[in-house]
Amino acid sequence: MSDFKLADRLSTLPPYLFAAIDKAKAEVAAKGMDIISLGIGDPDLPTPDFIIEALYEGAQKPVNHQYPSYVGMLAYRQAVADWYKQRFDVDLDAATEVVSLIGSKEGIAHFPLAYVNPGDVVLVATPNYPVYGIATEFAGGTVEYLPLLEENDFLVDLEAIDDDTWAKAKMIFVCYPNNPTAATATKEFYDRLIEKAKEFNVIVVSDAAYTEIYYDPDNKPISILECEGAKDVCIEFHSLSKTYNMTGWRVGMAVGNASLIAGLGKIKENVDSGIFQAVQEAGIAALQQGEPYAEKFRAIYKERRDVVCAALSKVGIGHRVPDASFYIWCNTPEGYKSSEFVTNVLKQTGVVLTPGNGFGTPGEGYFRISLTVHNDLLEEAVSRISKL
C-alpha cells in the first residue's frame, strides 16, 4: 500500500486533545477497568422529547429532503434573533446578522478562512478550546497566545497587550463563560475589549456556548453584544448543544456584525450545504419552548457542582467553585504535572480527567472535571482519586 505524506498543516499539529483522551480511555477499558469519564464536556442528559418530536415532524416533510439554505432557514435565523432579544435584549436582523452553523465548532473552524491571510496575527486567550488556534493555523495565520491567569480571574489582561501587538492583530478569540476555567466576563471587561478592538481595527470573536449553564439567576452571564459598539467589531458564536443537550445534533449559530456574518457565509457556501431543515425546525422548537427544560438542567448541574466541590474540599484538592459552565477547574496535587497526574489517575482508578496543559501552557498545574455524569459517579470518582 502506498504511503502518502500528510499536508504540512496536518503533520505539524499535535494530537487533538479529546481524541487523545478517547484513545487513552479505550486502552484502559480494554484491560477491564471500570471507567468513569469526566473528560469531554458532553452532557449525559437526554434531549427533551418535544425537540425530538419536532425533528420527527420535520423529517416527514418532503420539502425538507432537498438541499437546505447555506446560511439557514429564515425561520431558524428569526428564532435565533428572537431568542437573543428575549435573553440578552440584543436586536439582530435575522436576514443579515445571523447565520446557522453545523454546531459552533464548524463555524469557529471556518471563520478564520474568511479573514485571515498567511502571516496574519490572531490573538487567542489561553487556556483555550483548541480549535481557535488550529483554525488560525489552517488559514495560514500566526497565533499569539494571551495567558489567562488565576490572579486576573482568568480574564485577558488587556492592558498587558502592547500597542504593537494590537496593531498587527487581525482578530482576538475570547470565550466566556470560559472553557476550561469556568470564569465569567464582566461588562466592564467587554467594554474595554470593544474599545481596544475599535481603536486598532481588530475583529473580536466571542465563543459564548456556555452562557445558559449558570447557577445564580440574578447573575446570568452576558453576551458581548449587549455592550455599546459591539456590533462594529464582534461576531459571537453560540450553540444549542449545551443548553438543550443537543451535542450530537450539530446545530448552532453565529450572530453580530453583518459583514463578518456575510464573510463566514461565503466560506459556508463553498464548503457545506447547510443543516438538514428538520434539524433546524427542531432547533426552532428548542429556542422557542426550551427555557423551562434549560432551567431544570441548570438545577441538576448545580447539584452536581455542589457534590463535587464538597468532595474535593474534603480530600484537600484545590478548585474554583464555578458560577457558570459545567466544568470544575482544579489544582493538581503538589509534585505532579497536569498530564502526569491525569494519566496516573486514569491508569490506577479508571477516572478520566482532562489535563489543564492540554488547553495551553497556562493550564499547567490544573485539571478539568466535567459534570456530565450523575451524582453517585461523581462522588465515586473523587473518592477514587483521593485514594491515590
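Whatever comes next refers back to the structure up there.
Bear in mind the structure is a predicted one, so any value in this text is a computation, not a measurement.

Draft legend 1. The arrangement of the overall build of the chain in detail. Along the backbone of the chain there are 14 helices and 12 strands. For the C-alpha atoms alone, the extent of the chain along its principal axes is close to 60 × 55 × 55 Å. Relative to its 388 residues, the chain shows a buried fraction of 55%. A sequence separation of at least 24 residues applies to 75% of the contacts in the chain between residues at least 6 apart. Averaging the positions of the 34 positive and the 53 negative side-chain charges in the chain gives two centres separated by 4 Å.

Draft legend 2. Here's a closer look at the sheet that holds strand β5 (residues 169–175). Ordered by their spatial adjacency, seven strands build an open sheet running β2-β8-β7-β6-β5-β3-β4, and the pairing between neighbours is mixed. Two strands bound the open sheet, and with one partner strand each, they are β2 (98–101) and β4 (142–147). Pairwise comparison of adjacent strand axes, ignoring direction, gives a mean angle of 20 degrees for this sheet. Two elements, β5 and strand β6 (residues 203–207), share five bridges in a ladder whose sense is parallel. Within the sheet, the bridge partner assigned to I172 lies in β6 and is V204. With respect to the sheet, helix α4 (residues 74–88) is in contact with β2, β7 (234–239) and β8 (252–256), its orientation differing from that of β8 by roughly 65 degrees. Relative to the sheet, helix α5 (residues 104–115) contacts β2, β5, β6 and β7, its axis offset from that of β7 by approximately 155 degrees.

Draft legend 3. Geometry of the packing of helix α3 (residues 49–59) against helix α11 (residues 277–289). It is the contact of α3 with α11, at a shortest axis distance of 8 Å, that shows an interaxial angle of 145 degrees. You can see that α3 and α11 cross each other, and the crossing is right-handed. In this structure, α3 uses F50, I51, A54, L55, G58 and A59 to contact α11, whose residues at the interface are A278, V279, E281, A282, A285, A286 and Q289. Each residue belonging to the contact of α3 with α11 can be placed in one class, and the counts come to 10 nonpolar, two polar and one charged.

Draft legend 4. Local environment of the environment of N344. With respect to the helices and strands, the residue N344 is situated in helix α13 (residues 338–349). Residues N344 and L388, spaced 44 residues apart in sequence, show a C-alpha to C-alpha distance of 8.7 Å. Not counting the four nearest positions on each side in its chain, N344 is found in contact with Y336 and L388.

Draft legend 5. Region of interest: helix α14 (residues 375–386). Compared with an ideal rise of 1.5 Å per residue, which puts 12 residues at 16 Å, α14 spans 17 Å between its outermost C-alpha atoms and is within 8% of the ideal. Among all positions in α14, only N375, L378, A381, V382, R384 and I385 are buried. Close packing links the buried residues of α14 with β1 (36–37), α12 (291–315), α13, β10 (351–352) and β12 (366–370).

Draft legend 6. Examining the side chain of T181 more closely. The topology assignment puts T181 in the loop between β5 and α8 (187–200). A polar contact of 2.8 Å, which involves the side chain of T181, links it to the side chain of N178. Within polar-contact distance, the side chain of T181 engages the backbone nitrogen of A183 at 3.2 Å. Setting aside anything within four residues of it in sequence, one finds T181 in contact with P127, F154, R320 and W329.

Conventions we followed
The written sequence of each chain sets the order in which its residues are numbered from 1. Note on the predicted model: pLDDT of at least 70 is required for a residue's local features to be given, and 80 or more for side-chain atom pairs to be given and counted; whole-chain, interface and lining totals, by contrast, use all residues. The side-chain numbers reported here are obtained from all heavy atoms of the structure, hydrogens and water having been left aside. Helix and strand assignments follow DSSP, with helices taken as H or I runs no shorter than four residues and strands as E runs no shorter than two, numbered in order from the N terminus. Exposure is judged per residue with a 1.4 Å probe applied to protein chains only, and the accessible area is read against the type maximum: over 50% gives exposed, under 20% gives buried, and values in between give partly exposed. In what follows, a contact means two residues having at least one pair of non-hydrogen atoms within 4.5 Å. By the counting scheme adopted, Arg and Lys are positive, Glu and Asp are negative, and His together with the chain ends is not counted. Where a charge lies is defined by one atom per residue type, namely NZ (Lys), CZ (Arg), CG (Asp) and CD (Glu). Between any two strands, pairing holds if DSSP finds at least two bridges. What counts as an axis is a line fitted to C-alpha atoms, over the stretch in contact for a helix, and the angles between N-to-C directions run from 0 to 180 degrees. Definitions for this section: a left-handed crossing has its near helix turned counterclockwise from the far helix by less than a right angle. A right-handed crossing has that turn clockwise. When residues are sorted by character, Ala, Val, Leu, Ile, Met, Phe, Trp, Tyr, Cys and Pro go into the nonpolar class, Asp, Glu, Lys and Arg into the charged class, and all the rest, Gly among them, into the polar class. Each residue after the first adds 1.5 Å to the expected span of a helix. Under this definition, polar contacts are N or O atom pairs within 3.5 Å; protein pairs additionally need one hydrogen-donor-capable and one acceptor-capable atom, and for neighbouring residues in sequence, both atoms have to be side-chain atoms.

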